[in-house]
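Examining the three-dimensional arrangement
So the chains spell out like this:
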Amino acid sequence: MSSAKSKQPATGGNDEAQERALIDRSTRMPVLFFFTSSAVWLVIAAALGLVSSIKLNVPDFMDWGAFLTYGRVYPAHMNALIYGWGIQAGIGAGLWIMARLCRVPLRNPVTLVVAGHFWNIGVTAGVLGILCGKSTSILWLEFPAFVWPILLISYAMITLWMIVMFRARRVGDVYISQWYLLAASFLFPWLYGTANLLIHVFPGSGVMAAAISSWFASGMIYLWFVPVGLGTTYYLIPKIVGRPVYSYNLAKAGFWALMIFGGWTGMQRFMGGPLPAWMPAMGSAATILILLPMLAVELNHHMTTKGNLGYIQYSPTLRFTVFGAWGFNLFILLSVALSFFSVGRYLQFTHAVTGLEMSALYGFFTMVMFGAFYFIAPRVTGCEWLTGGMIRFHFWFSAYGIITLVAFMIFGGMAQGTGIDRWDAAFEVSVARGWGYLVARSLGWGFILLSNLMFLFHTLLMSVRLGRRSSTEPTLISKLPDDAGAGISTGAAKA
Amino acid sequence: MSSKDPNLEKIDYEETTSVVDVHGSVRREKDEPRAGMEPVSHWVVFAGALVLMLGAGYLGAHNGGFDMDNTYAVRGYQAAPRPVGEGAAGAVQQLSPEVWLAKGKKVYNNCQACHNQAGVGVPGVFPPLVGSDWVTGSTERFAMALLKGLSGPIKVNGTPYNGVMPAWESLSDKEIAQVMSYVRNTWGNSGSLVTEAMVAAAREKHGGHVGAYTEALLLEVPEDAMLPGEAVDLENAETWPNLQK
Amino acid sequence: MNQLQKFTLGLALAFGLPWLFLIVIPWAHMRALEPVPYSEEDGDVEVSAYPPGLAGRVRAGHRVYAEQGCVYCHTQMVRPTYAGSDLWRPGWGGREEEGLQRETRMQDYLGESYAFLGVYRNGPDLSNVGWRIEDPAWHHRHLYNPRAENEWSIMPSFSYLYEKRPVEGQPSADALELPAEFAPEEGYEIVPTSEAKALVEYLMSLKKDYKVPVAVRKGRGGAAPDSGAGAGSGAGAQGDAG
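Predicted, not measured: the structure shown is a model, and the values here were computed from it. (Residues numbered from 1 in each chain as written. Chains lettered and ligands numbered in written order. Predicted model: local features only at pLDDT ≥ 70, side-chain atom pairs only at ≥ 80, totals over all residues.)

1. Some remarks on the overall build of chain A
Helices and strands together make up the secondary structure of chain A, namely 16 helices and zero strands. Over its C-alpha atoms chain A spans a radius of gyration of 22 Å, differing by no more than 12% from the 23 Å that the globule rule assigns to 495 residues. Across its three principal directions, the C-alpha atoms of chain A cover 75 × 45 × 45 Å. Split into buried and exposed, the 495 residues of chain A put 66% on the buried side. For chain A, long-range pairs separated by at least 24 residues make up 83% of all intrachain contacts whose partners lie at least 6 apart in sequence. (Helix = DSSP H or I, 4+ residues; strand = E, 2+ residues; numbered from the N terminus. Rg over C-alpha atoms; globule rule 2.2 N^0.38 Å. Buried ≥ 20, exposed ≤ 12 C-beta atoms within 10 Å, placed from the backbone. Contact = placed C-beta atoms within 7 Å.)

Right, dumping it as structure tokens:
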């Protein structure tokens, strides 16, 4: 069992390793499917994001008729990012983590892959529909009305198998990630179904429909992306540093606080608007209260990793995940700031909203998903990521890209918003003030596109088993120092 | 597992059905994460209480009574009046002259029954406004005619007319100022714009007059008498003070 | 009750409360909103009920607005003065000179299946653009190429909503009069398609300063929510004849 190359296994023994290998094997088909298709959608979303951003700088850019007008490219980009990349990446990571934590192999992977195909068909039809002029212009629900039942039914399959796995779990303590992933599985159908039924199938007041769409967008963030992202960080961070989560009670309290407050958020997007005042007020108050779960998570991660964050230098998983965890903190703080009328006066309706959304969707969720990909893919493909250089490229371009994007959109929003607030100056002033920041936005998306082209290439290599198989050492972001045996064992560096 | 088999380190799930030979990435893993039970510091509880107070306080201040019909988050809301603007040069202030004239055109609908849509009037009865210095000259004379009406014969551009013009003092100051501005700047006429404040001053001075004016009474006012206020010139943006009061 | 059941119940309660009280019940309540007819005490009003409804072509324009994604740059909500300076900006709140300008209210959007309240203000608010721009030809020129009207504009060009065709005899009454650098060559004219016409009709219909009937304003806890922003017309609050 041991050769000159392999080190002593850090696991509890061969049996446990075998069990894990079995579980990994069972999840391979669906996880690889979701990983690959989501990575493709990420490139599409980034490309559409870049095009839409350049159109804000140079309106006549790619002025090839109706297909690429800004009002269609922008929602196509957002929907590709959310439904094409975000949800599929989350499903892939979630399935694997749930299987591992429940210690049961995934039965019936074919159903999941079929569901995934239907999901992709739905998203493709939706994105093409938007570009062809059938967009509903409803916030985060821009897909033409025939798409949502396809997506809902596909996702219901995922929910079903998450529950089945959970019920079949080995007796023992339930870990916090399982609760988070289970919650996301329940809540997406409820959220998505409600929003679509009350807007498309049983339409009522137009203002209430707008309010429901803002509730839906916020619900997607706090009740799907955040739980899946947090569930993933709660798995990956303690796993890699090899320490238990600091306080489980704190983690549970944070979880329930998120569940209780998350559903009330969203309508503060329309504060000061033609809605009963208590509805945006609830949204603002609930968003402020999300500080509670944020504090819980932050404290737990901080205490869990105390003194052990040196691994960030080497482990791609840890580096991406910790970046994402900081992205989460930033996102929550920004969203709290934007809940007040005094701030909204200047930042409502400005680029700051873009910065906020991107900090959640990319700065937090996507970076955490990258961490999950780097951890999970070797375990389901049987080969390691090809080169550390490609991972480095991916990391730095993504990091620079998202920092540029979020920072310049927040500051750009302030510039634009103070211009709009100058009611006695021409509207032109706000456009002129924001323009430079929009150029930085294009730069940010350019970096992100480059980074993810590399990532897609790398992922595709892995999915066809063209990763590195020359050794069982993990692919690290930077080389271990030569005296590796002394402080850090490879077991700890990447795991 | 034999240490002699060089393929062991390249194990791939495709190549073997045995899960006994397990890939290195799984072997080097640590245990699955588990829960720790550290007690939570009281500072966390304190911070949590602060957050709750912040959230609850915000909700308390802005809930609008939880009333489905109330869209105002501030109790007793009254729209705050527009503050006096700094008004950068060239920036639009309130209504722009174009809009002012367009509105004057609307008010002119009252006048076109007699003076004609093209301002040429009816020969012998209603005088033309085109090229008439009764309207392009003294704004005071013009305002007087509008406010109180005219009766008796009047000579315009050398031609006599004899009709009755009703009093238009029921129109607002703004409407009168708009229609005066319109007449002074259309059909080839050109003259300064008339502001609301100017008409208000005219009304104050002449509003007490009983009955319509006559040509003789109008001629008593000097022909260069302009209503008080800065001259407003269409060409020069810097002369556009508030057209409205 | 096992762990999964307890969890599901807890989750159902946690999410079910906002689902019911923030979404379903208000949705049901607001479905019942209807135009309110004016009464004697409302004084002179130009329409019979608040708000006047959306007619056929305007509905079509609403669809075109959605399909082109106008909502990603333009808002249609005027905020109260504690939330922003929207009301003070000339023309955004409605007809100032008649003292009618005000914030937008729920009923202003009756008749629209989805209210395009908007999320970004890359361009001006459009709630009352029907009052600000009274000439449909301006809208057509602006949609064809925004830079023909405002050189600083970053709005995309909607020239695909227009048709370029050779002039047959007399130029069409609908033909756009464009400045030289945007005009087509000799012998051609630019004419709006029915989509462009529908969109412009929709834009011209965007008027959200109709007097709020006293019947709707009553019982506001003392607040008089629709007093004008005191923009300078002596008339002040709504209720005075224009």
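There's plenty left to go through after this.
2. Re the overall build of chain C
Counting secondary structure elements, chain C contains six helices and four strands. In chain C, the succession of helices and strands from N to C terminus is α-β-β-α-α-α-β-β-α-α. By the burial criterion, 47% of the 242 residues in chain C qualify as buried. The contacts of chain C with a sequence gap of at least 6 include a subset with a gap of at least 24, amounting to 70%.

3. Thoughts on unusual backbone geometry
Glycine aside, the phi torsion of most residues is negative, and most peptide linkages are trans. A cis amide bond links tyrosine 50 of chain C to the next residue, proline 51 of chain C, at an omega of -10°. Position of proline 51 of chain C among the secondary structure elements: in the loop between strand E2 (49-50) and helix H2 (56-68). We note that asparagine 108 of chain A has phi near 55°; this positive angle belongs to a residue other than glycine. Position of asparagine 108 of chain A among the secondary structure elements: in the loop between helix H2 (70-102) and helix H3 (109-134).

4. Thoughts on the packing of helix H7 (residues 248-262) of chain A against helix H9 (residues 291-305) of chain A
Residues and elements named next belong to chain A. Two elements in contact, H7 and H9, have axes whose closest approach is 8 Å; the angle formed by their N-to-C orientations is 155°. Relative to H9, the element H7 is oriented roughly antiparallel. The element H7 and its partner H9 pack so that their crossing is left-handed. On H9, the residues touching Leu250, Ala251, Ala253, Gly254, Ala257 and Leu258 of H7 are Leu292, Pro293, Ala296, Val297, Leu299 and Asn300. For the contact of H7 with H9, the per-class residue count stands at 10 nonpolar, two polar and no charged. (Axes fitted to C-alpha atoms, helices over the stretch in contact; angles between N-to-C directions. Parallel < 35°, antiparallel > 145°, perpendicular 65-115°, else oblique. Left-handed = near helix turned anticlockwise from the far one by under 90°. Nonpolar A, V, L, I, M, F, W, Y, C, P; charged D, E, K, R; others polar.)

5. Considering the domain arrangement of chain A
Residue and element names in this part refer to chain A. According to the domain assignment, chain A consists of domain 1 (15-172) and domain 2 (347-480 + 488-495). Each of domain 1 and domain 2 has a C-alpha centre, and these two points are 18 Å apart. Counting residues per element, the side of domain 1 that touches domain 2 draws most heavily on helix H1 (residues 14-57), at 19 residues. For the side of domain 1 that touches domain 2, the residue count by class is 16 nonpolar, seven polar and two charged. (Domains from an automatic or database assignment.)

6. Side note on the environment of valine 73 of chain A
All names here are of chain A. Within the fold, valine 73 resides in helix H2. Taking C-alpha positions, valine 73 is 25 Å from tryptophan 224, a pair spaced 151 residues apart along the chain. Each residue touching valine 73, except ones within four places of it in the same chain, is listed here: Leu48, Val51, Ser52, Lys55 and Leu68.

7. A word on the nonpolar core
Among the nonpolar cores identified, the biggest contains 248 residues, and Met98, Tyr180, Ala211, Ile212 and Ile290 of chain A are the most heavily contacted of them. Top contributing element to this core by residue count: helix H6 (residues 206-241) of chain A, with 24 residues. Ignoring sequence-local partners within four residues, the contact set of isoleucine 290 of chain A consists of Tyr222, Leu258, Phe261 and Ile332 of chain A. Counting 32 residues, the second largest nonpolar core, distinct from the first, contains Phe126, Ala143, Leu146 and Ala200 of chain B. (Core = buried A, V, L, I, M, F, W, Y, C linked by C-beta atoms within 7 Å.)

8. A word on the packing of H2 of chain A against helix H4 (residues 147-167) of chain A
All names here are of chain A. It is at 10 Å that the axes of H2 and H4 come closest, and there the two elements cross at 15°. Put simply, H2 runs roughly parallel to H4. By crossing handedness, the relation of H2 to H4 is classed as left-handed. Contact residues: H2 offers Tyr83, Ile91, Met98, Ala99 and Cys102, while H4 offers Leu151, Ile158, Met162, Met165 and Phe166. For the contact of H2 with H4, a count of residues per class yields 10 nonpolar, no polar and no charged.

9. Things to note about the confidence of the model for chain A
Mean pLDDT over chain A stands at 92; residues scoring 70 or higher make up 95%. With pLDDT under 50 throughout, residues 484-495 of chain A is counted as low confidence; its partners more than four residues away or in other chains account for 29 contacts. (pLDDT = per-residue confidence, 0-100.)

10. As for helix H4 (residues 136-144) of chain C
Taken as a whole, H4 of chain C has its buried residues at His139, His140, His142, Leu143 and Tyr144 of chain C. Buried residues belonging to H4 of chain C abut strand E3 (162-166), strand E4 (188-192) and helix H5 (194-204) of chain C.

11. A closer look at the environment of leucine 143 of chain C
Residue and element names in this part refer to chain C. Its location among the elements puts leucine 143 in helix H4. C-beta crowding within 10 Å serves as the criterion here: with 24 such atoms nearby, leucine 143 is assigned to the buried category. Each C-alpha atom, one on leucine 143 and one on serine 159, is 7.1 Å from the other, the two residues being 16 residues apart in sequence. If we skip the residues at most four places from it in the chain, leucine 143 touches Phe158, Leu161 and Ala196.

12. Observations concerning the confidence of the model for chain C
Residue and element names in this part refer to chain C. When pLDDT is averaged across chain C, the result is 85; 90% of the residues are at 70 or more. No element of chain C has a lower mean pLDDT than helix H6 (residues 214-217), which averages 78, and none a higher one than helix H1 (residues 3-31), which averages 96. Residue range residues 219-242 is modelled with pLDDT below 50. Its contacts to residues more than four positions away, or to other chains, number 65 contacts. In the predicted assembly, ipTM is 0.91 and pTM is 0.81.

13. Regarding the environment of tyrosine 120 of chain C
All names here are of chain C. Within the secondary structure, tyrosine 120 sits in the loop between H2 and helix H3 (129-132). The exposure class assigned to tyrosine 120 is partly exposed, which follows from the 19 C-beta atoms found within 10 Å. For tyrosine 120 and histidine 74, which are 46 residues apart along the polypeptide, the C-alpha to C-alpha distance reads 6.1 Å.

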